[in-house]
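# What the coordinates show
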Amino acid sequence: MRRVAAALAIVLACALAASAAPPAPAAKAATAPASPRPDSCVTCHLETGDDRLAGPAKAYTDDIHRAKGFGCTACHGGDPNAEGMEAMDPAKGYIGKPAGARIVQVCGRCHADARFMKQYNPSLRVDQVAEYESSVHGRRLRELKDPKVATCASCHAPHGIRPPSDALSTVHPLRVADTCGRCHADAKYMASYKIPTDQRDKYKKSVHWNAMSAKGDLSAPTCNDCHGNHGAAPPGVNWVGNVCGQCHTVMAELFGKSVHAKAFTQMGVPGCAACHDNHDIRPTGDHMVGATGDAVCASCHNPDDAGGKTATTMRGLLDALAGEWDKARGLLEKAEHAGMEVSQPQFELSSAKDALVKARAAIHAFTIEPVKAEVDGGLAIARKAHARGVRALEELRFRRTGLVVSVVIIVALIGGLLLKIRYLERPRAAGTKSS
Amino acid sequence: MADVLTRPDDPGRRRIVNWFLGTSAGAFLAAVLYPLTRYLVPPRTGESAAASVTLAIKPDEVKANSGQIFKFGSRPGILVRTASGELRAFSAVCTHLNCTVQYRADVSHIWCACHNGHFDLNGQNIAGPPPRPLEAYVVNVRGNQIVVSKSV
């Protein structure tokens, strides 16, 4: 009964304090605490036996702030040395459970203070609050007082904050999509915003998610790499190329100088995403180029217009080099497996593959010349390698023919010897019989 | 005993001898034909099994802050001499889409021209799309020869 009464008292105090004045600046630790110390907050909260109150105290044992020596009062204020309800005295800076803008304010007291943060991690950014203010979340919170938008604690798991490099962190690269998806994939929660809620599911079909989750490349992009983390916002139509260009620099540069860059902007079409989609970015292929079938160019161009003809020519060039390279590679592989020494043409053929990859990148200039320049060079290398593969297989055939002829001769010789032996033995056997 | 030795026409003994002779002849034929068949139809092999290569390049020919492509089996490798004079070698096959990388003296990086991928001189992917580091090889200078081996 005493526990229930204590729990109710704490909840009531929290509710009262939440509507009270903002946390006193003095509540912020001026210097780093030496080590975590036991305080009355944890003791009482654990004693209540109520998961709503004990849960945060338990979760905080794994929090990076606790490891750095911060107790409950660093965020919630109050007096950890006082016992019972006195510990939660608003006069002692107690603010209860912060919500909305106050969460940003509480976190920002330390995280926006460069001098303070230097004590813990000199390279840590301190512009999260400023970034947040620029985000869609921050703007809606500030301008519309929207209580549903994400604040610091929505993504960083209050009381269980871990560094992003920790695999259990809610902001570890492999968990970011699910963290954002907790709201953005919830159709009911997002209904009032009238925006799609399939981004997470689409992203999990993309090459980027595959690179990260299946191939273990944690540098592959997730939500925050394109939208920003604290400054999360959709990239504007004009920005998309810049965003993708952070990694795909060659294609972004070619696209930026192309006829499509200006035309897409005028048409309100998002650059890269117009052909590659945004969240559901699938593996690319030569089938995307052309003016017919499932080619992406065909969604705007006809085979007979200038763009369609260019696309068709570029596709023809790519197919020619890809076909020639594949033919030469297959032939050299066959010769290698048959025991022929073809490492030199195989080594040289790698330059044809380089040319093919560069030609595929050159597509983003949307003119024939740069693609043709790469393809012509690659074709010459691939044809030379193919010719050497043909010679290697001819040599192999010659050797095998020679082997067969040699075997036939040896077998004939053995047969002849056997016949000769029988012939030599026959008269002696006859002579033995007659005698 | 003498009876056994003087019965050459015993059909039972002849069968045993013929069986031994037939088996021996069969084994002999198999021993000859099996390697012949394996030669004519060799097994499929993976990538080049080259584990070590002696380069045609002399140590003095590799200037500081420069790199050279060499043939390692059927694949390209890159030999780099750092600004401090150390020789290092890596697979020159970019981990993104298998293009051949090259050395860029202006930034002292290994660079892939296909998609602007950068690797530092430890082979670590540091910029652009390459997802993994380059495979590092072991470089040994023996007299006037450079020997590059796959690390064990």
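Residues numbered from 1 in each chain as written. Chains lettered and ligands numbered in written order. Predicted model: local features only at pLDDT ≥ 70, side-chain atom pairs only at ≥ 80, totals over all residues.

## Notes on the overall build of chain B
Here is the rule: Secondary structure elements follow DSSP: runs of H or I of four or more residues count as helices, runs of E of two or more count as strands, with numbering from the N terminus. Counting other C-beta atoms within 10 Å of each residue's C-beta, where C-beta atoms are placed from the backbone, gives the exposure class: buried for 20 or more, exposed for 12 or fewer, partly exposed between. By definition, residues are in contact whenever their C-beta atoms, placed on the basis of the backbone, come within 7 Å of each other.
The secondary structure content of chain B amounts to two helices and 10 strands. Out of the 152 residues belonging to chain B, those deemed buried represent 26%. The long-range share in chain B, meaning contacts at least 24 apart out of those at least 6 apart in sequence, stands at 38%.

## Things to note about the overall build of chain A
When its secondary structure is counted, chain A shows 22 helices and zero strands. In chain A, which comprises 435 residues, the share counted as buried stands at 29%. When contacts within chain A are restricted to residue pairs at least 6 apart in sequence, those whose partners lie at least 24 apart make up 59%.

## What to know about the domain arrangement of chain B
Worth spelling out the cut-off: Residue ranges assigned to the domains are those given by an automatic or database domain assignment.
Partitioning chain B into structural domains gives domain 1 (2-40) and domain 2 (52-150). Each of domain 1 of chain B and domain 2 of chain B was reduced to a C-alpha centroid, and the two centroids are 61 Å apart.

## A few points about the nonpolar core
The following threshold applies: Joined through C-beta atoms within 7 Å, a set of buried Ala, Val, Leu, Ile, Met, Phe, Trp, Tyr and Cys residues constitutes a nonpolar core.
In terms of nonpolar packing, the biggest core is built from 60 residues, with Leu321(A), Ala359(A) and Ile78(B) touching the most fellow members. At 11 residues, the largest contribution of residues to this core is made by helix α20 (residues 306-337) of chain A. Apart from the residues lying within four places of it in its own chain, the contact partners of Leu321(A) are Ala355(A), Leu356(A), Ala359(A), Val375(A), Gly378(A), Leu379(A) and Ala382(A). Counting 11 residues, the second largest nonpolar core, distinct from the first, contains Ala150(A), Cys180(A), Trp209(A) and Ala220(A).

## Some words on the pairing of strand β9 (residues 136-142) of chain B
All names here are of chain B. Applied cut-off: We treat two strands as partners when DSSP finds at least two bridges between them.
Relative to β9, strand β4 (residues 87-91) is paired through two bridges, and the arrangement is antiparallel. Bridge pairing in β9 links phenylalanine 90 to alanine 136. Here β9 pairs with strand β10 (residues 145-150) via six bridges, running antiparallel. By the bridge assignment, valine 141 is partnered in β10 with isoleucine 146. Taking the residues between adjacent antiparallel strands as the criterion, β9 and β10 are bridged by two residues, where glycine 143 takes a positive phi near 65°.

## Examining the interface of chain A and chain B
Counted only if it meets this: Residue type decides the class: Asp, Glu, Lys and Arg count as charged, Ala, Val, Leu, Ile, Met, Phe, Trp, Tyr, Cys and Pro as nonpolar, and the leftover types, Gly among them, as polar.
Each side of the interface is counted separately: chain A has 22 residues, and chain B has 20 residues. Counting only elements with at least two residues in the side of chain A that touches chain B, the list comes to α17 (249-257) and α21 (343-362) of chain A. At 10 residues, α21(A) tops the list of elements feeding residues into the side of chain A that touches chain B. Along the lines of polarity and charge, the residues of the side of chain A that touches chain B split into seven nonpolar, nine polar and six charged.

## Quick look at helix α11 (residues 173-184) of chain A
Residue and element names in this part refer to chain A. Put simply, the rule reads: Helix span, as expected, comes to 1.5 Å for every residue beyond the first. It is the directions from the helix axis to the C-beta atoms that the arc portrays.
For α11, which comprises 12 residues, the first-to-last C-alpha distance of 17 Å matches the rise-based estimate of 16 Å (1.5 Å per residue) to within 8%. Where α11 is concerned, the buried positions are Pro173, Val176, Ala177, Thr179, Cys180 and His184. The buried residues of α11 occupy an angular sector of 165° when projected down its axis, which confines them to one face. Contacts made by the buried residues of α11 are with α10 (152-155), α12 (187-190), α13 (199-203), α14 (207-213) and α15 (223-227).

## So, the packing of helix α2 (residues 40-48) of chain A against helix α3 (residues 51-59) of chain A
Residues and elements named next belong to chain A. Put simply, the rule is: Only the stretch in contact is used when fitting a helix axis, every axis being a line fitted to C-alpha atoms; angles between N-to-C directions are given from 0 to 180 degrees. Put simply, angles under 35 degrees are roughly parallel, angles over 145 are roughly antiparallel, angles from 65 to 115 are roughly perpendicular, and the rest are oblique. Working rule for handedness: look at the near helix, and if it is turned counterclockwise from the far one by less than a right angle, call the crossing left-handed; if clockwise, right-handed.
α3 packs onto α2 with a crossing angle of 135° between their chain directions and a minimal axis gap of 7 Å. With respect to α3, the axis of α2 lies oblique. Here α2 and α3 pass one another in a crossing that is left-handed. Contact residues: α2 offers Val42, His45, Leu46 and Thr48, while α3 offers Leu53, Ala54, Pro56 and Ala57. Looking at the contact of α2 with α3, its residues break down into six nonpolar, two polar and no charged.

## Digging into the confidence of the model for chain B
Residues and elements named next belong to chain B. Filter applied, for reference: What pLDDT reports is the predictor's confidence in each residue, on a scale of 0 through 100.
Taken residue by residue, chain B gives an average pLDDT of 87. The fraction at 70 or more is 88%. Here helix α1 (residues 2-5) stands out as the element of chain B with the lowest mean pLDDT, 48, in contrast to strand β5 (residues 102-104), whose mean of 97 is the highest. Segment residues 1-5: pLDDT under 50, and zero contacts once partners within four positions in sequence are set aside and those in other chains are kept. Scored by ipTM, the complex comes to 0.71, with pTM at 0.77.

## Overview of the environment of Gly285(A)
All names here are of chain A. Position of glycine 285 relative to the elements: it lies in the loop between α19 (271-276) and α20. A residue is classified by how many C-beta atoms lie within 10 Å of it, and glycine 285, with 11 of them, is exposed. Separated by 75 residues in sequence, glycine 285 and asparagine 210 place their C-alpha atoms 17 Å apart.

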